[in-house]
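Survey of secondary and tertiary structure
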Amino acid sequence: AQSVTQLGSHVSVSEGALVLLRCNYSSSVPPYLFWYVQYPNQGLQLLLKYTTGATLVKGINGFEAEFKKSETSFHLTKPSAHMSDAAEYFCAVSQSGTGRRALTFGSGTRLQVQP
Amino acid sequence: NAGVTQTPKFQVLKTGQSMTLQCAQDMNHNSMYWYRQDPGMGLRLIYYSASEGTTDKGEVPNGYNVSRLNKREFSLRLESAAPSQTSVYFCAISEWFTSGNSYNEQFFGPGTRLTVL
């Protein structure tokens, strides 16, 4: 079984401040991890993914995330928030191997950016 | 190249009515999925189709049926709508195994907002 926990349903930062969105997962096999972003009234767009190899992954719009196996975490960061980053962010996990074929999503974190 | 398209974009139903949500893709991916999104619950898998000709239940299949019409199209049917099915429905696609990538990166459609009164 796999699950995802996103700490904080709402996060508010000032423009130019560090963005940190937390994601912890549980998985019985090596996971593949994703961050998706959803702008209002739109579908989900992939920000970045971790599959294998380098544990620090860079995505679009200046976001990055680090896979920490010992902490079972995959937190999303951005050094300097921009107003256009206001959106809902979802962490998701997929299992390697021939098992589950779908993503398990966290409950989401809504990011608000204050001017 | 539209990627994943969903119709309709919005729908209001009365309790007991039926309807079919349509999803089509032009990316030639094998796997297709239906999720529902509810506030504070993320996305939950309703049904999926790993490849043409196969369908499987997900986490919340009750009250829904699906049809994988061909490789491009995957429909979701509500036979007798209930207020608990008020939600935003997303279709997603992925390429699974065929190119050696088994991590299941998914691409999403724009969603259908359904209200059941």
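Conventions we followed
Residues numbered from 1 in each chain as written. Chains lettered and ligands numbered in written order. Predicted model: local features only at pLDDT ≥ 70, side-chain atom pairs only at ≥ 80, totals over all residues. Heavy atoms only, no water. Pairing = 2+ DSSP bridges. Helix = DSSP H or I, 4+ residues; strand = E, 2+ residues; numbered from the N terminus. Axes fitted to C-alpha atoms, helices over the stretch in contact; angles between N-to-C directions. Salt bridge = Lys/Arg side-chain N within 4 Å of Asp/Glu carboxyl O. Buried < 20%, exposed > 50% of the residue type's maximum accessible area, 1.4 Å probe, protein only.

1. Some words on the sheet that holds strand 7 (residues 64–68) of chain B
Residues and elements named next belong to chain B.
- Across the sheet, which stays open at both edges, the 4 strands sit in the order 1-3-8-7 with antiparallel pairing between neighbours. Taken across any chain shown, the strands that pair with only one partner, and hence form the sheet edges, are strand 1 (4–7) and strand 7. The sheet shows a mean angle of 15° between the axes of neighbouring strands, direction not considered.
- Relative to strand 8 (residues 74–78), strand 7 runs antiparallel, the two sharing 5 bridges. Note that in strand 8 the partner of asparagine 65 across the bridge is arginine 77.

2. Looking at the sheet that holds strand 1 (residues 2–7) of chain A
Residues and elements named next belong to chain A.
- Across the sheet, 5 strands lie side by side as 1-3-8-7-6; this open sheet has antiparallel pairing. Each edge of the open sheet is held by one strand with a lone partner, namely strand 1 and strand 6 (56–58). Averaged over all pairs of adjacent strands, the angle between strand axes in this sheet comes to 20°, irrespective of strand direction.
- Across 3 bridges, strand 6 lies against strand 7 (residues 64–68) in antiparallel orientation. From the neighbouring strand, valine 57 faces strand 7, where its bridge partner is alanine 65.

3. What to know about the pattern of salt bridges
Residue and element names in this part refer to chain B.
- Here the structure, examined in full by the defined rule, presents 7 salt bridges over all chains.
- The partner of arginine 44 in a salt bridge is aspartate 38, with the nearest N and O atoms 2.8 Å apart. One exposure class covers both arginine 44 and aspartate 38, and it is buried.
- Residues glutamate 79 and arginine 77 are paired through a salt bridge, measuring 3.1 Å at the closest nitrogen-oxygen approach.
- Since its relative accessible area comes to 29%, arginine 77 is described here as partly exposed.

4. Brief notes about unusual backbone geometry
- Residue threonine 7 of chain B is joined to proline 8 of chain B through a cis peptide bond whose omega torsion reads -10°.
- With a phi close to 45°, threonine 72 of chain A is a non-glycine residue in the positive phi region.
- If you trace the backbone, threonine 72 of chain A turns up in the loop between strand 7 and strand 8 (73–78).
- The class of threonine 72 of chain A is partly exposed, set by a relative accessible area of 31%.
- Despite not being glycine, asparagine 28 of chain B has its phi angle at roughly 60°, a positive value.
- Along the polypeptide, asparagine 28 of chain B turns up in the loop between strand 3 (19–25) and strand 4 (31–37).

So far we have only geometry, and geometry alone does not tell us how the molecule works.
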